[in-house]
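# Coordinates in review
Chain by chain, the residues:
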Amino acid sequence: MDSRKRCGMVATAGLPDDLLLEILSRVPAKSLCRFKCVSKAWRDLIADPIHRTKLPQAMEGLFFMENQIFCAGARDGCEGDQFSFVDLTLRSLPLDIDPCFSFLTELPGLQILALQDSCNGLLLFEHRPDTLSDDVLGYIVCNPTTKQWGTLPTCGCPPPPSPDRHIYLAFDSAVSPHLHLVLFHMHWGKEVGESEMSVHAYSSETRTWSHSQTDWDEHDRRGLKGWDRECFQPSDGPRHAFVNGMLHLLIQDKDLEHQILVMDVKGKTKRVIAMPAAVGGSCLAFDFISQSQGCLHYFNEVFDHSKQGYEVYIWVFQDYDLQEWVLKDRVNLLNLLGKMRWTDRVVAIHQDCNVVFFVQSSNHKLIAYYADRKDVTVFTTSQNQGLDWSVAAPYVPCFSVPPVLTNKH
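Rules and cut-offs
Residues numbered from 1 in each chain as written. Predicted model: local features only at pLDDT ≥ 70, side-chain atom pairs only at ≥ 80, totals over all residues. Heavy atoms only, no water. Helix = DSSP H or I, 4+ residues; strand = E, 2+ residues; numbered from the N terminus. Buried < 20%, exposed > 50% of the residue type's maximum accessible area, 1.4 Å probe, protein only. Core = buried A, V, L, I, M, F, W, Y, C linked by side-chain atoms within 4.5 Å. Contact = heavy atoms within 4.5 Å. Polar contact = N/O pair within 3.5 Å; in protein donor to acceptor, adjacent residues only side chain to side chain. Pairing = 2+ DSSP bridges. Axes fitted to C-alpha atoms, helices over the stretch in contact; angles between N-to-C directions. Phe/Tyr/Trp six-rings, centres within 6.5 Å; stacked < 30°, edge-to-face > 60°. Lys NZ or Arg CZ within 6 Å of the ring centre and 35° of its normal. pLDDT = per-residue confidence, 0-100.

## A short note on unusual backbone geometry
In this structure, Q293 takes a positive phi of about 55° despite not being glycine. In this structure, Q293 sits in the loop between strand 16 (282-292) and strand 17 (295-304). What makes Q293 partly exposed here is its relative accessible area of 36%.

See the structure below:
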């Protein structure tokens, strides 16, 4: 039977709205958009603003930040407008987004904001006293859709220099109204190569931090041979993803082998994922991970010596038990971008469909590659002339506000 006829039968069967909403809340945002066409009743139910907190929302844009640090006002030689926002909806009526985050930057006492992470519609900032300081005054999580925000405390431990600390945000409103932070501190000993990693986890439900040291024996049992100092390189592109309630980190061990570390929101290691086999005749240049359509994706950008050009291989992880990677696509960057510089990079993947975003550094163009139809769309407006490929945060409307976000502009 045709799927549209089956949907029509369900639509006329008189399902209670609450039951139908419960079913629709479990489908991807892309499918939800299609279900608006089932009937007028379904369209109205899905479009009703009252139900937005229950239903998944589609990705609508990308935030970019030029150098990760944002000065509230134009103090200490910092420019005030370092954020850019790219609207991917192409609607005639622009989205109600404040790309300068004035609802935060106009707060009294706010000094330096450093963008750290984003997850399912929320953004995480580190609050610093000035641009040259490694001190952390606290954290700010904000919702750009509702313009609500909240402050979170530090873990209480003296922070190491910023290159040796990394913090990640974990939030999924479909699972829990609460958010989590996972913070890594790298501490160096007196001897060359001597180091220790501490892990700190925050829960907005308990509003407390937990602390632990890295269990190297456990990592060895799971196939990880310690972490190299350069294991976290956030400036190289998206190197972490929150998928299926787990934080996935793309790292390299002390043998310089790349692996994916899977941790829960308490900072406990659950498994290590091996990378796909290397492509013959090529040299790895950069690699990234991200979440799309509920699955972990891996991108490895390689230099093909036979073709004297860069190619991007796109893999999707389909089975945690079998550790199965499936090659989804292969993109020749010279053919895609027309001309290549080594700084042209993948910055994001669309969370709801097979679209990969590149930034061409020579002209600051954002290029969307549509894998299903093998063509591109170029986004170049006055808003994003200064965008930088190094810091990009997907924007997904979030109408389910965590209780910790108590302030509103």
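Now, onward.
## Things to note about the nonpolar core
Residues L122, Y139, L152, L179, L181 and W209 are the most contacted members of the largest nonpolar core, which totals 22 residues. Among the elements that line this core, the one with the most residues is strand 8 (residues 165-170), at three residues. Setting aside its immediate chain neighbours within four residues, Y139 contacts L124, F125, E126, G150, T151, L152, P153, T154, I167, L181, L183 and W209. Listed in part, the 19 residues of the second largest apolar core include I97, L113, L123 and I140.

## Looking at the environment of Y369
Within the fold, Y369 resides in strand 22 (residues 365-370). Spatially, the C-alpha atoms of Y369 and V355 are 5.4 Å apart, while their sequence positions differ by 14 residues. Discounting chain neighbours no more than four positions away, the residues touching Y369 are D329, V331, L336, N354, V355, V356, F358, K374, D375 and V376. A polar side-chain atom of Y369 sits 2.8 Å from a polar atom in the side chain of D329.

## Brief notes about the side chain of S198
Mapped onto the fold, S198 is located in strand 10 (residues 195-203). On the basis of relative accessibility, which here comes to 2%, the residue S198 falls in the buried class.

## Describing the sheet that holds strand 21 (residues 355-360)
One open sheet accounts for four strands, arranged 20-21-22-23; its pairing is antiparallel. Each edge of the sheet is formed by a strand with only one pairing partner; in this case those strands are strand 20 (345-349) and strand 23 (375-379). Each neighbouring strand pair of the sheet contributes to a mean axis angle of 30°, computed without reference to strand direction. As paired elements, strand 20 and strand 21 share four bridges and run antiparallel to each other. Directly across from A348, in strand 21, lies its bridge partner F357.

## Quick word on the sheet that holds strand 12 (residues 240-243)
Taken together, the four strands give an open sheet; going across it, the order is 12-13-14-15, and neighbouring strands pair in antiparallel fashion. Of all the strands in the sheet, the pair left with one neighbour each is strand 12 and strand 15 (269-274). On average, adjacent strands in this sheet sit at an angle of 25° to one another, irrespective of strand direction. In terms of strand pairing, strand 14 (residues 258-263) meets strand 15 through five bridges, oriented antiparallel. When the sheet's bridge partners are listed, M263 is paired in strand 15 with T269.

## Things to note about the environment of G138
Structurally, G138 can be placed in strand 6 (residues 138-143). Under the relative-accessibility criterion, G138 is labelled buried at 6%. For the pair G138 and H127, spaced 11 residues apart in sequence, the C-alpha to C-alpha distance is 5.3 Å. The contacts of G138, once residues within four sequence positions are left out, are F125, E126, H127, L152 and T154.

## Structural notes on the pairing of strand 17
In terms of burial, strand 17 is largely enclosed, as nine of its 10 residues are buried. Bridging between strand 17 and strand 18 (residues 309-319) involves eight bridges; their strand directions are antiparallel. Bridge assignment links F299 to a residue of strand 18, and that residue is I314.

## Considering the packing of aromatic side chains
For the structure shown, the criterion picks out 12 aromatic pairs. Ring geometry for F85 against Y395: centres 5.7 Å apart, planes inclined by 80°, an arrangement best described as edge-to-face. Here the residue F85 occupies a position in strand 3 (residues 83-87), and Y395 occupies one in strand 24 (residues 392-395), the gap between them amounting to 310 residues. As far as the burial class goes, F85 and Y395 line up, both buried. Feature note: the residues F63, F85, F101, F103, F125 and Y395 constitute an aromatic cluster, connected by ring pairs. In this structure, R373 packs its charged tip against the face of Y370, placed 4.0 Å from the ring centre.

## With respect to the confidence of the model for the protein
Scored by pLDDT, the protein has a mean of 75; 69% of the residues are at 70 or more. Low confidence marks residues 73-81, where pLDDT is under 50. Its contacts with residues over four positions away, or in another chain, come to 12 contacts. Scored below 50 in pLDDT, residues 381-386 shows 10 contacts in the model against residues more than four places distant or in partner chains.

## Points about the pairing of strand 1 (residues 61-65)
Burial runs high along strand 1: five of the five residues are buried. Alternating residues of strand 1 divide into G61, F63 and M65 and L62 and F64, and every residue in both groups is buried. Where strand 1 and strand 24 come together, four bridges link them in antiparallel fashion. Across the sheet, residue F64 finds its bridge partner in strand 24, namely A392. Here strand 1 runs beside strand 3; their pairing, made up of five bridges, is antiparallel. When the bridges of strand 3 are listed, F63 appears paired with F85.

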